Structure formats: structure tokens, C-alpha cells
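Summary of the model geometry
In case you want the letters, here they are:
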Amino acid sequence: MCWGCPVVDFALSDEQQLLRDTARALFTKECPPSLVRDAFYDVTDAGPAAARAFHDTRLREWAALGDGPLVDLALFLEESGAVLAPGPLWVSAAWALPLLRAAGHTEADAVADGSLTATVAVADATGRWEPGDHDECWFVPHLGEVDRVVFLRSGPSVLVVDAAEVVGSPIEALDRTRPLARVAVPAGSTSPVDPAAVADATDRATVGLAAELVGVGRWLQEATLAYVAERVQFDKPVGSFQGLQWKLVDASLHQERASAAVAYAAMCVDADDVDRASAVHVAKAAAGGSARHWARTGLQAHGGIGYTWEHDLHLRLRRAYGGDHLLGDADWHRDRLAALLLD
Amino acid sequence: MKLSWGPEEEAFRAEIAAFLDEHTPEQLRDGRDWIGEEADEVPQWARDWQALLFDAGWMIPAYPPELGGRNATPLQTLVYQEELAARGVPRSVHFGGYGIVGPSLLEFGDEAQRALAPAAIRGDTVWCVGMSEPDAGSDLGSLATRAELDGDSFVVNGQKVWTSYAEWAERCFLYVRTNPSAPKHQGISVLILDMDTPGVEVRPLRHITGNAEFAEVFLVDAVVPRSNLVGELDEGWRITMGSLAHERGGLWLEGVGYAQRALDGLVELARDRGLAGDPVVRRRLGELHEEVRSIRALGYKGFASFAQGSSAPEHSYMKLAASELRQRLNEFGMDLQGAYATVTDPTLAAQGGRFQAAWQMSLAATIGGGTSEIQRNIVANRVLGLPRG
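For clarity, every value in this text was computed on a predicted model and none was experimentally measured.

1. Comments concerning the overall build of chain A
- Tallying secondary structure elements over chain A gives 11 helices and 9 strands in all.
- Here the C-alpha atoms of chain A give a radius of gyration of 20 Å, agreeing with the 20 Å that 2.2 N^0.38 yields for 343 residues.
- For the C-alpha atoms alone, the extent of chain A along its principal axes is close to 70 × 55 × 40 Å.
- Counting across all 343 residues of chain A, residues that qualify as buried make up 55%.

Written as C-alpha cells, this is what we have:
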């Protein structure tokens, strides 16, 4: 195994610290919980419109991070994941953009500067996230919010289509903050792409999604710790009970593992390190597992209020489980890790 | 973003790696957990090994040469700990002297006591540490072994338990109660006890592996000169374990190195047993792989804070995580062997009975050095800031 590990690199540089602070300030100020909530409940269409406006005016420009180090993109996506920021930034910047770059597509620059957004269609009806020849793609994120669809096909090859020209239908799903659709694959000639570049794009998308999940877990942890400190039963804050404390400690350990694993994977991808393959699987497995762990534990610790739509916890529970199941759930990634050990 | 060390660290790594490859005693090779031999004294090969490390400046690298080191930087110390951990090589077969007593004497002792430190670190003097008592385990602060000052001497009465290496030890770093009327953490002192003092009796205590590394130590009117008091009277609680502050950033590496070697052994075992294609076995190995790697990443993340002089809450999790993982790894090593899991004969069991022995030893990992329950309490209160019960 590699013992020469990225010790000092775990510390954020001044620029990275600034990036994180800027992202936090942006989301705190302009993406309040009400914005996300209103978009979710979608009563008058004003809610989704406000969320779209936030994405269009404030988030589009950040797609440029997709061309830079994955460490930086992951930092930003952790923040956007924590607040469930609306819009297709993750799929556009972390997945579609590297695929468009790999294909040498003329619109890659437009996706990078945010004037266009794009999603990726790859999975088949059985939920396999591998390029194939199937005529319908499933689990396509944010279809109704993007300008282009990048179909990843066997070869591997890509077919880039104007989103207005595809025939898609929404899939009613757990996490409405990340809408999913099924899409008929249109006719058209595909362009071949380097398999290594496709693998790189998949790694970026996977680590980016894992970073979002770390943000989701972090929000759940912070909200839960605050709640158990103030909720009083039997004349004591419930957070003082050891039976509850140990559950919270175990979830927080999972969260710490996930956060470190995601940072490590991003560094490995940036350096194209030998540890890269396993690091990406570890990151997604740990982050999906931790977000789910915190969703369950957080809900239990909140008691009845956590089970209602009065509280924002359920929005993160949806994203935690929804996110874990996109691009391979924790068990799928563990099986890939076993393959790296055994095959 | 770089994923490599600088040339200075690489040169340092090459030097310690070459040293370990050349000099590690046979008994400590192949990542074996050294199970103490039934011996009345520290085996000569173990004494030689520790002395060699000291003389070469590889015992505690951050210390100066006269204390067994070479004035290493924190990053070099981490590289050193990595190379030991990767091989599973211990510096000593008795941790207390170099890990607790030597550094504590240097920090809290008077001139005469500080002079005892080099021999403690080199292993020339074997020490045990008398902390736990029958009624003071996790609640160490309630220890009751009594030392009463009588003129220029303390008279000590009481009992210690789970005392490692007491049978070998020439001296004991003894925690005693000197002021029973003070609040419990304020009436404790530390004494240096010669183990051949009249009134000191050591009874071996066989632990679950069958080995008698532990002992009970009984003290009946044992007389200790007042000059053997370490630090101030009643201030002993400050003299806490593990004063190797410069090594704290990498202490977790031992557990992670252990886990990685155990995982390698599990992979070999799964293949040998024809289970490499079994989906349940594969899922479990994948899960363990995830845990080992993510815990390792967490350790390095903590080191990055440590090296910058910040506190590293990550490290509060490491003992808890590594010890529980160690048990799961070894228990899975038993499960992979079917009925052979029950066979402890090293000539019949897979990999010389490695997992059978390691599983038994791992049962101590969640108890010794602060139980997992105490670790969870520490994280709950100090890291998560949860209200105290």
C-alpha cells in the first residue's frame, strides 16, 4: 500500500479557505431555507421560480470550478449540498463539463462559463450506470432545468443534444430537490471519447456527489446537536442522556471518516495518484453511508418533529438516500473495492 | 496539490526503512503481534533491539541523541511512525518505560529523576506503571492506594491490577492517594517505587490469551523515600499518560497499519478458502476496505491540523475507531475459517493461527487505555459539546 500520503495537503490553502468562506456567505445570504422549502412544496410555482432565479443569477458562474482542481469543486459542492442549493450545478460542472471537454465539444466553454447548463444521460432502466446501447436512459438529473443533454453511449461515445429536442418524462422520486427523468435516446451520430477521459469524468461526478453528501451529513449533524441541547425531557436536555450521546458519537465518527475520505479522493484524482481508484469508491461509500446514518440518527433524535414536513430534516433525509443511490450506492462501491482487492 | 513527500522526507524514509529491514529481530518480523514469552525477564534479543534503536537515534526520533533520538521534525517523526506501522514492528516489548515513564520524568521530575529517563527509554531499566485498581478502572480518579508521609518516607498500602510487565519491572511509576480529604482528582501523587522494596508482592494475572503479561501488585507498608515523589505533592493527576506530545500526531498509525495488515491477511485467507468469489464475503471485505481507508484518511487529516499547531479533534476518534475495527477484522478472519475457527494449533490453523490469536488479543483493545465507552463520552462532551448528564 502507499504510505506516502498527502499529509500536509489536507490543510486548506488560503485560496481554498477563501473559496469555502465565499460559498458559505453566498448560501447563507441568498439561499435561505425558505427558498429551498418553497421550491420543494411548489404550491404556486413562485417557489420554483425563485429557486431558478437564484441558480441563474448566482450559481451559473461557479460551473467554472468544473475545469479546475476537483479539491476546489468538492469544497464548493459540500457547501451547496449542505443547503440543498437548487439547480443543476453538480451534474453540469462535475460530470457534463468533463465529458464535453473529453469529446472536444464546441459548447464546453459555454458550459464552463455558465451560459449553458447540461446534464448526463447514461443509466439504463435497470439502474446500471454504464454506457450502453439502450434506447431509453433513466435517472437523468435536472432534465427540465438544463440546456443540453450529454448521452454517454457505448464505445464510449457521446451524443450532445439540445434539451428542448429530447423526449423525457419525470420520474416521481423521493428527492424532489433533485428531479429525475427518463429520456428516449434520440437518433444522431455519436462522437468517440477516450475511455480514460470518461472514467475521469465519472470519478469527478462521483466525488462531487460524495462532497454534496458530506454537506448533507454536516447539516444534519449540526441541526441535531443543536436540537438535543435545547430539547428538554425529564427536566434535562435530551442530549445529556448517554444512550443518545453514543448514537450521535457514532454518526459523527462516520461523518468524520466520510469528510476525510472525500478530501483524500479529490486529491488523488487531481494528482492521478495510484490510490485513485480505491479512493473514489471509499469516498462515495463513506459519504453515502454517513449521510444516511445521520438522516436516520438525526430523525430519531428529533423525535416526532423530525417526522413532519414542519421541519427541514426530511429534505436532507431525501437527499441522503437519493444521493446514495445515484452513481452507485455504498454497497455497490464496496463491491468495487472488493474487486480491487480480489480480482 | 501534490501527493508525494519532499526529497528530505523521502531520504529520511529510506534511511529508517533500510535500518528496519536490516536490524529488526526475527521475532518481530512479518507483522506478528508479539505475544510475551513466558519468561522471568525481558528476553535478551528484545533488550538488544531497544538499545540498538536508542544508540542509533531511532528510539524517539524527536529527542536529542542523548535521549535516543536525532532531533527529528514532526513530519519526520510521522514518516518514522509510518515505517514502523507498515511493518508492525514495536520499538520495545514493554511500552511503559519509553512511552510514559521516560517522557513524564523529563517533564515533571527533578534533576535526579530526569537522570533516570535515558535508561527508561533505552530499556536498561524496565518499568511498569501502576494505575488501575480493583475499584478504579474507567474511574481512575477514584484510586485508593494510600501513601502516608511519615518523616522522610511515604508508607504505601493498597493494590494495583492489570499492571503490565510488573513481573519484569525493576521500578514502578506508581499513582497513589496522598490526600484522602481533597476532591478525588486533587489528592493524587506519583511515586517511584523500587519493585524489590519489602512489602511489594507481584502476582501474575493470566489474561484471555493464556499469557501472563498482566499482574496484580500488592503493597503492604511499603516504604518509599520522599525524594521519590515525582512533581508536587497531590498534583499527580497532571502527570498524565503519553507525554510524547510530539508523537501524538501519529499514534493512530499503529492501529491503521495493523488494520491494513489484517485486511491483507483476510484477502489471502478468502482466496485460500476458495471464497474469493462469494458475494457475501466480497461485500464484507469491501466494507472493511472502506473502513480501513477512510480511517486512515481521517488520521492524516488530523495530522495536518496537528502539524500546524491546531487541535486535532479527528484524533479523539481514532482509538475508538481503530480498536473496534480491529475486532471486526479479526472476528471475520475467524468466520472465514468455518469449523477451523475453533482450532488454535498453529500447525493446523490457517496462517499459523494468526486470526485466532489476534482475535483474542483484540478483545483488550476496546478496554485498555480508556474503554470505548469512555472514548465515546470524551467525544460527546469535548468534541460534540453535548451537555453532561
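2. Quick word on the packing of helix α5 (residues 89-102) of chain A against helix α7 (residues 195-230) of chain A
All names here are of chain A.
- Here α5 crosses α7 at 170°, and the two axes come no closer than 9 Å. In this view, α5 runs roughly antiparallel relative to α7, as classed from their interaxial angle. Contact residues: Trp-90, Ala-94, Trp-95, Pro-98, Leu-99 and Ala-102 in α5; Ala-197, Val-198, Asp-200, Ala-201, Arg-204, Ala-205, Gly-208, Leu-209 and Glu-212 in α7.
- A breakdown of the residues in the contact of α5 with α7 according to their chemical character gives 11 nonpolar, 1 polar and 3 charged.

3. Concerning the interface of chain B and chain A
- The interface of chain B with chain A comprises 42 residues on the first partner and 49 residues on the second.
- Counting only elements with at least two residues in the side of chain B that touches chain A, the list comes to α3 (74-87), α7 (253-272), α8 (279-307), α9 (314-335) and α11 (372-383) of chain B.
- With 17 residues, α8 of chain B is the largest single contributor of residues to the side of chain B that touches chain A.
- Across the side of chain B that touches chain A, the residue classes tally to 24 nonpolar, 7 polar and 11 charged.

4. Considerations on helix α2 (residues 44-55) of chain B
Residue and element names in this part refer to chain B.
- In a regular helix each residue adds 1.5 Å, so 12 residues correspond to 16 Å; α2 covers 16 Å between its end C-alpha atoms and thus fits that length.
- Of the positions making up α2, those classed as buried are Ala-46, Trp-49, Gln-50, Leu-53 and Phe-54. Taken end-on, α2 shows its buried residues confined to a sector of 135°, consistent with a single buried face. Residues of α2 that are exposed and point over 90 degrees away from its buried face: Gln-44, Trp-45 and Asp-55.
- Tucked into the core, α2 has its buried residues touching α6 (117-122).
- Just downstream of α2, Gly-57 is the residue with a positive phi angle, here 80°.

5. Brief notes about the sheet that holds strand β3 (residues 148-153) of chain A
Residue and element names in this part refer to chain A.
- Strands sit in the order β1-β3-β4-β7 across an open sheet of 4 strands; the sheet is mixed. Pairing within the sheet leaves two strands with one partner each, and these edge strands are β1 (118-121) and β7 (191-192).
- Both β1 and β3 contribute to a ladder of 4 bridges, which runs parallel. Considered in β3, the bridge of Thr-119 is made with Val-149.
- Seen against the sheet, α5 touches β1, β3 and β4 (157-162) and runs at an angle of roughly 75° to β1.

6. Some words on the nonpolar core
- One finds Leu-99, Val-150, Val-207, Val-262, Ala-265 and Ala-283 of chain A together with Leu-191 of chain B to be the most contacted residues of the largest nonpolar core, which totals 214 residues.
- At 16 residues, helix α8 (residues 242-271) of chain A tops the list of elements feeding residues into this core.
- Those residues in contact with Val-207 of chain A that lie beyond four places of it in its chain are Leu-70, Ala-74, Val-262, Ala-265, Ala-266, Val-269, Val-280 and Ala-283 of chain A.

7. Description of the confidence of the model for chain B
- Averaged over all residues, the pLDDT of chain B equals 91, while 95% of them reach at least 70.
- The ipTM for the predicted assembly is 0.94, set against a pTM of 0.94.

8. Some points on the domain arrangement of chain B
- According to the domain assignment, chain B contains domain 1 (7-93), domain 2 (125-238) and domain 3 (252-383).
- On a C-alpha basis, the centroid separation for the pair domain 1 of chain B and domain 2 of chain B is 29 Å.

9. Looking at the environment of Glu-230 of chain A
- Structurally, Glu-230 of chain A can be placed in helix α7.
- As for Glu-230 of chain A and Ser-92 of chain A, which are separated by 138 residues in sequence, their C-alpha atoms are 40 Å apart.

10. Side note on the packing of helix α4 (residues 70-83) of chain A against α8 of chain A
All names here are of chain A.
- Interhelical geometry of α4 versus α8 gives an angle of 150° and a closest axis separation of 8 Å. The orientation of α4 with respect to α8, classified from their angle, is roughly antiparallel. Across from Leu-70, Val-71 and Ala-74 in α4, the residues of α8 making contact are Val-262, Ala-266, Met-267, Val-269 and Asp-270.
- Residue composition of the contact of α4 with α8, grouped by class: 7 nonpolar, no polar and 1 charged.

11. Points about α11 of chain B
Residues and elements named next belong to chain B.
- When the terminal C-alpha atoms of α11 are compared, their 15 Å separation across 12 residues agrees well with the 16 Å that a helix rising 1.5 Å per residue should span.
- Every buried residue of α11 is listed here: Gln-375, Arg-376, Asn-377, Val-379 and Ala-380.
- Of the residues trailing α11, Gly-385 is marked for its positive phi of about 70°.

12. Concerning the pairing of strand β5 (residues 188-194) of chain B
All names here are of chain B.
- Counting buried residues in β5 gives 6 out of 7 residues, a clear majority hidden from the surface.
- For strand β4 (residues 171-177) and β5, the ladder comprises 7 bridges, and the chain directions are antiparallel. The partner of Arg-171 across the bridge, within β5, is Asp-194.
- In this sheet, strand β8 (residues 229-230) lies alongside β5 in antiparallel orientation, the contact comprising 2 bridges. From the neighbouring strand, Val-190 faces β8, where its bridge partner is Val-230.

13. Digging into unusual backbone geometry
Residues and elements named next belong to chain A.
- Cis geometry is adopted by the peptide bond preceding Pro-156, which originates at Gly-155 and carries an omega value of -5°.
- Summarising the element assignment, Pro-156 is placed in the loop between β3 and β4.
- Even without a glycine there, the phi angle at Leu-84 is positive, about 55°.
- Along the polypeptide, Leu-84 turns up in the loop between α4 and α5.
- Leu-84 sits in the buried class, given 27 other C-beta atoms within 10 Å.
- In this structure, Asp-272 is a non-glycine residue whose phi angle is positive, near 50°.
- Along the chain, Asp-272 falls in the loop between α8 and α9 (276-302).
- Residue class for Asp-272 comes out exposed when judged on the 11 C-beta atoms lying within 10 Å of it.

Calculation rules
- Residues numbered from 1 in each chain as written.
- Chains lettered and ligands numbered in written order.
- Predicted model: local features only at pLDDT ≥ 70, side-chain atom pairs only at ≥ 80, totals over all residues.
- Helix = DSSP H or I, 4+ residues; strand = E, 2+ residues; numbered from the N terminus.
- Rg over C-alpha atoms; globule rule 2.2 N^0.38 Å.
- Buried ≥ 20, exposed ≤ 12 C-beta atoms within 10 Å, placed from the backbone.
- Axes fitted to C-alpha atoms, helices over the stretch in contact; angles between N-to-C directions.
- Parallel < 35°, antiparallel > 145°, perpendicular 65-115°, else oblique.
- Contact = placed C-beta atoms within 7 Å.
- Nonpolar A, V, L, I, M, F, W, Y, C, P; charged D, E, K, R; others polar.
- Expected span 1.5 Å × (residues − 1).
- Arc of directions from axis to C-beta.
- Pairing = 2+ DSSP bridges.
- Core = buried A, V, L, I, M, F, W, Y, C linked by C-beta atoms within 7 Å.
- pLDDT = per-residue confidence, 0-100.
- Domains from an automatic or database assignment.

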